[in-house]
Amino acid sequence: MADRVTVIGWDGSPPGPAASAALAAATLVAGAPRHLALPGVPPGAERVQLGSVARAARRINAHRGTAVVLADGDPGFFGVVRELRDPEHGLEVEVVPAVSAIAAGFARAGMPWDDARVVVANRRTLRRAVNVCRAHPKVGVLTSPGAGPAEIALLLGDVPRTFVICEAIGTDREQVSVLTSDKVSQHRWTDPNIVIVVGAGSGQVTGSGWLAGAELAETARPRGWGLPAWSYGALVEQTPAERYEGPRADSRPPAEPPPALAAGGVGGSRRLRAVQLSVLGPRPGDLLWDVGSGDGSAALEAAALGSAVIAVDRTPAACLRVTDAARRLGLQLQVVQGVAPQVLADLPEPDVIRVGAGGTRVLTACADRRPQRIVTHAVTRDEAESAGRILSGMGYRVECTLLQSVELDPHDWSENSRTVAFLLSGGRV
């Protein structure tokens, strides 16, 4: 094993005394070709290209002398330090950091970034990184070849965002460009680059935060989930057709809802919604479809949990309510108005789906997109059995639970309302 291993960050500026001393004493230097060409690298040192960190770590372990690893920016922030310290390699390292590329990019843009999410986009993580850009108003993206600004913009589709693209940051070829997302794919971008993706509403909330990566608007949102719809200001008077959300053999609602549903529909039950969200488990990097979103409470709560959300409803008034509530709460979600299943064809691939309305045709179309989890509900046992057969027939492991909730008035403990529904969930086998 090398006698000493120092990881030095490089941001384009001259190295400080500690970095210069470590580099001058190095008998092995590992880094990208641009790092190995730096003037401070000793001419007699062994040079190892850092294409594979694991391979470089093995070479350092076999080396007798002093090793230096050169990396961009802060090597402890999504950098090589984690892998070098992996127990498999057993390397103890000293770190001399520089300014991270993300910090430099936000500085070039003149923006604070304590409230930004930071993600790594590569061929494996690109879709999840884009979902974070859908879900949050300010995201710093560390890109890679094949997962750069153009690919991010194309996957965002119709979601409007502003891109701040910093190319070759810290070099004499550095360039900073600001474009709307629909223009990004029309350009070729120089690697390496970092991208800042900014959504509507970013910067509108003033004040100081306390938790890195947390949006300032989060403190203004209701705590918890499964809350009454009025907590989000989303629910106003609904038509009977909007209130009824139970699955049916066809996609048409009844002319009038059953009496038991007149207070907002089984699908609008906040207790049912809370269980549905617990089953789906939406999280950062996921994309949730809420098909038949109704009052929008499920979509809003999933977005507050950090998931990207597409709320789909056939009623323009319902879509407008969800859009207005999301804007007031500082939530980023996409609202699509149209009739399912036809409107679902062009939507990006979901991780989890809540089917709040639409019947068996919609449930079949949603399951056909192979989400990891899918939930729906039924009012009668026959409808539950029909939905269960669809999900199991498409390869899902099905669970069905009969849920009953009774809301009581704590003044006299009389019954205010009662909701009975079959909750069906499918997990991909």
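Anything mentioned here points back to the structure above.
For clarity, every value in this text was computed on a predicted model and none was experimentally measured. (Residues numbered from 1 in each chain as written. Predicted model: local features only at pLDDT ≥ 70, side-chain atom pairs only at ≥ 80, totals over all residues. Heavy atoms only, no water.)

Colleague: Now, about the overall build of the chain: what can you tell me, with residues and values included?
Modeller: Secondary structure assignment for the chain yields 14 helices and 17 strands. A principal-axis box enclosing the C-alpha atoms of the chain has dimensions of 85 × 50 × 40 Å. For the chain, with 429 residues in total, the buried portion stands at 50%. Across the chain, every contact between residues at least 6 apart in sequence was considered, and the portion connecting residues at least 24 apart equals 62%. Counting every atom, the chain has about 20,500 Å² of accessible surface; 54% of that belongs to carbon and sulfur. (Helix = DSSP H or I, 4+ residues; strand = E, 2+ residues; numbered from the N terminus. Buried < 20%, exposed > 50% of the residue type's maximum accessible area, 1.4 Å probe, protein only. Contact = heavy atoms within 4.5 Å. Areas by Shrake-Rupley, 256 points an atom, 1.4 Å probe, with all protein chains shown as cover.)

Colleague: Tell me about the pairing of strand 1 (residues 4-10), and please be specific about residues and values.
Modeller: For strand 1, the tally of buried residues reaches 6 of 7 residues, placing the bulk of the element in the interior. Inspection of the sheet shows strand 1 paired to strand 4 (residues 66-72) by 7 bridges, in the parallel sense. Of the residues in strand 4, the one forming a bridge with Gly-9 is Ala-71. Bridging between strand 1 and strand 5 (residues 94-96) involves 3 bridges; their strand directions are parallel. By the bridge assignment for strand 5, Ile-8 is matched with Val-96. (Pairing = 2+ DSSP bridges.)

Colleague: Break down the state of the cysteines for me, citing the residues and quoting the values.
Modeller: Enumeration according to the criterion identifies 0 disulfides in this entry. Lacking any disulfide linkage, Cys-319 is separated from the closest cysteine sulfur, that of Cys-366, by 15 Å. A relative accessible area of 8% places Cys-319 in the buried class. (Disulfide = S-S within 2.5 Å.)

Colleague: Pulling in residues and values, what's your account of the sheet that holds strand 10 (residues 193-198)?
Modeller: One open sheet accounts for 5 strands, arranged 6-7-10-8-9; its pairing is mixed. Looking at the sheet topology across the chains shown, the edges are occupied by strand 6 (117-120) and strand 9 (175-180). Here the strands of the sheet are splayed against their neighbours by 20 degrees on average, with no regard to which way each runs. The sheet contact formed by strand 6 and strand 7 (residues 138-142) spans 4 bridges and is parallel. For Val-118, the partnering residue across the bridge sits in strand 7 and is Gly-140. (Axes fitted to C-alpha atoms, helices over the stretch in contact; angles between N-to-C directions.)

Colleague: Any chance you could break down the side chain of Glu-301 for me, citing the residues and the numbers?
Modeller: Positionally, Glu-301 belongs in helix 11 (residues 297-304). At a separation of 2.9 Å, a polar atom in the side chain of Glu-301 contacts the main-chain amide nitrogen of Gly-226. Non-local contacts of Glu-301, meaning those with residues more than four positions away in its chain, are made with Trp-225, Gly-226, Leu-227, Tyr-232, Arg-273 and Leu-277. (Polar contact = N/O pair within 3.5 Å; in protein donor to acceptor, adjacent residues only side chain to side chain.)

Colleague: Talk me through helix 11; I want residue IDs and the actual numbers.
Modeller: The buried count for helix 11 comes to 7 of 8 residues, which makes it a mostly enclosed element. Regarding helix 11, the residues found buried are Ser-297, Ala-298, Ala-299, Leu-300, Glu-301, Ala-302 and Ala-303. Where helix 11 terminates, the next one or two residues include Gly-306, which has phi positive at roughly 105 degrees.

Colleague: Please set out the sheet that holds strand 2 (residues 28-31) residue by residue, giving values where relevant.
Modeller: Strand order in this open sheet of 5 strands is 3-2-4-1-5, and the pairing throughout is parallel. Both edges of this open sheet fall to strand 3 (46-49) and strand 5, since each of them pairs with a single strand only. Recorded for the sheet is a direction-independent mean angle of 20 degrees between the axes of neighbouring strands. As judged from the 4 bridges shared by strand 2 and strand 3, these two strands associate in the parallel manner. Across the sheet, Ala-30 pairs through a bridge with Val-48, a residue of strand 3.

Colleague: Describe the nonpolar core, listing the residues and the values that go with them.
Modeller: In this structure, Trp-289, Val-291, Leu-344, Cys-366 and Ile-374 are the most contacted members of the largest nonpolar core, which totals 27 residues. Elements supplying a minimum of two residues to this core: strand 11 (287-291), strand 12 (308-313), strand 14 (352-355), helix 13 (359-368), strand 15 (373-378), helix 14 (381-393) and strand 17 (414-428). In this structure, Trp-289 is in contact with Ile-310, Leu-344, Leu-347, Pro-348, Pro-350, Val-352, Ile-353, Arg-354, Cys-366 and Arg-369, ignoring residues within four places of it in sequence. Ala-121, Val-159, Phe-163 and Trp-189 belong to the second-largest nonpolar core, a separate cluster that totals 21 residues. (Core = buried A, V, L, I, M, F, W, Y, C linked by side-chain atoms within 4.5 Å.)

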